[in-house]
There are 2 protein chains.
Amino acid sequence: MSGQQDLAGEHCRPLRGSEHAIDPTQAAALLSSLLGWQIDETGCLQKAFGFSSYTATMLFVNMVAGLAERENHHPDLEVGYGRVIVRYSTHDVGGLSRNDFVCAAKIEALARI
Amino acid sequence: MSGQQDLAGEHCRPLRGSEHAIDPTQAAALLSSLLGWQIDETGCLQKAFGFSSYTATMLFVNMVAGLAERENHHPDLEVGYGRVIVRYSTHDVGGLSRNDFVCAAKIEALARI
């Protein structure tokens with residue numbers, strides 16, 4: 001898991017105007033360091049998290065939102081009782097950027113605390 | 001808007017085991033007292049809310065979550081930067097109950113504060 005540890009220690013960086021989405025080979029390499037994340041049919045990096053109470057669900061939502069503000073990179077969230085689906089993509093490149101994987105790795109680290 | 005005011009002042013009540021979903025006529029009557037809510041293609045009562053910042057978005061999410069806990073009736077939420085879609089339905093009746101409309105009216109009242 002050293003790849004994931006490294007990724008979680010990075011920060012999102014501003015994207016250059018000319019920057020493109022990362023290619024599938026790079027995406028697959030980054031994905032392999034994340035536990036249980038997948039690239040969904042719309043090209044988003046996503047994972048579903050389960051919780052035993054609504055309080056635990058909302059604590060997680062707020063931790064993810066705090067991280068989103070600090071990194072200035074905001075996921076889409078689907079929130080129900082005891083479940084949250086987190087989806088990242090990078091609008092400015094029209095696909096996935098390294099920033100999406102950095103945030104996913106940080107959320108993995110959060111979920112283990 | 002007196003209908004909406006009345007609905008917002010109610011509380012969710014526990015459902016009897018034999019209770020059925022409300023019928024389309026009752027649903028239409030309750031819906032007419034709510035501003036901008038609709039019944040979506042899956043039969044959920046839903047509304048999309050827009051916000052000018054992520055902070056405002058998350059404050060709204062947390063107000064809705066607090067209401068959900070107090071009323072013990074929890075919506076599905078789709079949360080992105082500056083937008084929240086709220087969807088209510090009542091699992092125990094396999095459709096819509098009056099509780100869904102009570103919570104929608106309370107959220108309308110929250111959104112005006």
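Residues numbered from 1 in each chain as written. Chains lettered and ligands numbered in written order. Predicted model: local features only at pLDDT ≥ 70, side-chain atom pairs only at ≥ 80, totals over all residues. Heavy atoms only, no water.

Colleague: Honestly, the overall build of chain A in this entry has me stumped. Any pointers?
Modeller: For chain A, the helix and strand inventory stands at four helices and four strands. For chain A, the succession of helices and strands along the chain, N to C, is α-α-β-β-α-β-β-α. Taken over C-alpha atoms, the radius of gyration comes to 14 Å for chain A, in line with the 13 Å a tight globule of 113 residues would show. A principal-axis box enclosing the C-alpha atoms of chain A has dimensions of 45 × 30 × 25 Å. When burial is assessed residue by residue, chain A has 48% of its 113 residues classed as buried. In chain A, the share of contacts with a sequence separation of at least 24, taken over all contacts with a separation of at least 6, comes to 65%. Of the roughly 5,800 Å² of accessible surface on chain A, a fraction of 54% belongs to carbon and sulfur atoms. (Helix = DSSP H or I, 4+ residues; strand = E, 2+ residues; numbered from the N terminus. Rg over C-alpha atoms; globule rule 2.2 N^0.38 Å. Buried < 20%, exposed > 50% of the residue type's maximum accessible area, 1.4 Å probe, protein only. Contact = heavy atoms within 4.5 Å. Areas by Shrake-Rupley, 256 points an atom, 1.4 Å probe, with all protein chains shown as cover.)

Colleague: For this particular structure, what's the right way to read helix α4 (residues 98–112) of chain A?
Modeller: Structural remark: α-helix, 3.6 residues per turn; residues separated by three or four positions point the same way. An ideal rise of 1.5 Å per residue puts 21 Å on 15 residues; α4 of chain A measures up with 22 Å between its terminal C-alpha atoms. With eleven of 15 residues buried, α4 of chain A is to be regarded as a mostly interior element. (Expected span 1.5 Å × (residues − 1).)

Colleague: Mind showing me how you'd approach the packing of helix α3 (residues 54–71) of chain B against helix α4 (residues 98–111) of chain B here?
Modeller: Each packed pair of helices is defined by two parameters, the angle between the axes and the distance between the axes. All names here are of chain B. Relative orientation of the contacting elements α3 and α4 amounts to 145°, with a least axis distance of 11 Å. Two packed elements cross with a definite hand, and for α3 against α4 that hand is right-handed. For the pair formed by α3 and α4, the contact residues are Phe60, Met63, Val64, Leu67, Arg70 and Glu71 on the first element and Cys103, Lys106, Ile107, Leu110 and Ala111 on the second. Looking at the contact of α3 with α4, its residues break down into eight nonpolar, no polar and three charged. (Axes fitted to C-alpha atoms, helices over the stretch in contact; angles between N-to-C directions. Left-handed = near helix turned anticlockwise from the far one by under 90°. Nonpolar A, V, L, I, M, F, W, Y, C, P; charged D, E, K, R; others polar.)

Colleague: Help me understand the side chain of histidine 73 of chain B in this model?
Modeller: Residues and elements named next belong to chain B. The residue histidine 73 is located in the loop between α3 and β3 (76–80) in this model. The exposure class of histidine 73 is buried, given its relative accessible area of 9%. At 2.6 Å, the side chain of histidine 73 forms a polar contact with the side chain of aspartate 100. Setting aside its immediate chain neighbours within four residues, histidine 73 contacts Cys12, Ala68, Tyr88, Ser89, Thr90, Asn99, Asp100 and Cys103. (Polar contact = N/O pair within 3.5 Å; in protein donor to acceptor, adjacent residues only side chain to side chain.)

Colleague: Please clarify how the environment of cysteine 44 of chain B should be interpreted in this entry.
Modeller: Residues and elements named next belong to chain B. Along the polypeptide, cysteine 44 turns up in the loop between β1 (38–39) and β2 (45–50). Each C-alpha atom of the pair cysteine 44 and tyrosine 81 lies 23 Å from the other, and the pair is 37 residues apart in sequence. For cysteine 44, the residues in contact, after removing those within four places along its chain, are Gln38, Ile39, Arg87, Tyr88, Ser89 and Leu96.

Colleague: Sorry, what's going on with the interface of chain A and chain B here?
Modeller: When the parts come together, some accessible area is lost, and that loss is often what is quoted as the size of the interface. Contacts between the two partners involve 17 residues from chain A and, on the opposite side, 17 residues from chain B. Between chain A and chain B, the buried area comes to about 1,300 Å², and carbon and sulfur atoms account for 55% of it. Counting across the chain A and chain B interface gives two salt bridges. Between aspartate 76 of chain A and arginine 83 of chain B there is a salt bridge, with its nearest N and O atoms 2.7 Å apart. Connecting chain A to chain B are five residue pairs in polar contact (both at pLDDT 80 or more). Residue contributions to the side of chain A that touches chain B peak at eight residues, all from helix α3 (residues 54–71) of chain A. Among the residues making up the side of chain A that touches chain B, the classes are represented as nine nonpolar, four polar and four charged. Alignment of strand β3 (residues 76–80) of chain A against β3 of chain B, held across three bridges, turns out to be antiparallel. Paired with glutamate 78 of chain A across the two strands is glutamate 78 of chain B, which belongs to β3 of chain B. (Buried area = accessible area lost by both parts, 1.4 Å probe. Salt bridge = Lys/Arg side-chain N within 4 Å of Asp/Glu carboxyl O. Pairing = 2+ DSSP bridges.)

Colleague: Sorry, what's going on with the pattern of salt bridges here?
Modeller: One side chain can pair with another of opposite charge once the charged atoms of both are near each other. Residue and element names in this part refer to chain A. Taken as a whole, this structure holds 14 salt bridges over all chains when the rule is applied. Note that aspartate 40 is salt-bridged to arginine 87, the shortest N-O span being 3.3 Å. Note that aspartate 40 is positioned in the loop between β1 (38–39) and β2 (45–50) and arginine 87 in strand β4 (residues 83–88), a separation of 47 residues in sequence. A relative accessible area of 11% means that aspartate 40 is categorised as buried. Of the charged contacts, one joins glutamate 78 and arginine 87 as a salt bridge, the two residues approaching to 2.9 Å between their closest N and O atoms. Since its relative accessible area comes to 26%, glutamate 78 is described here as partly exposed. Taken together, the shared-partner salt bridges connect Asp40, Glu78 and Arg87 into one network.

Colleague: Could you clarify how one ought to interpret the environment of serine 18 of chain B in this entry?
Modeller: All names here are of chain B. Tracing the sequence through the fold places serine 18 in the loop between α1 (2–8) and α2 (24–31). Exposure remark for serine 18: the relative accessible area of 56% places this residue in the exposed category. Residues serine 18 and valine 93, 75 residues apart in the sequence, show an inter-C-alpha distance of 8.6 Å.

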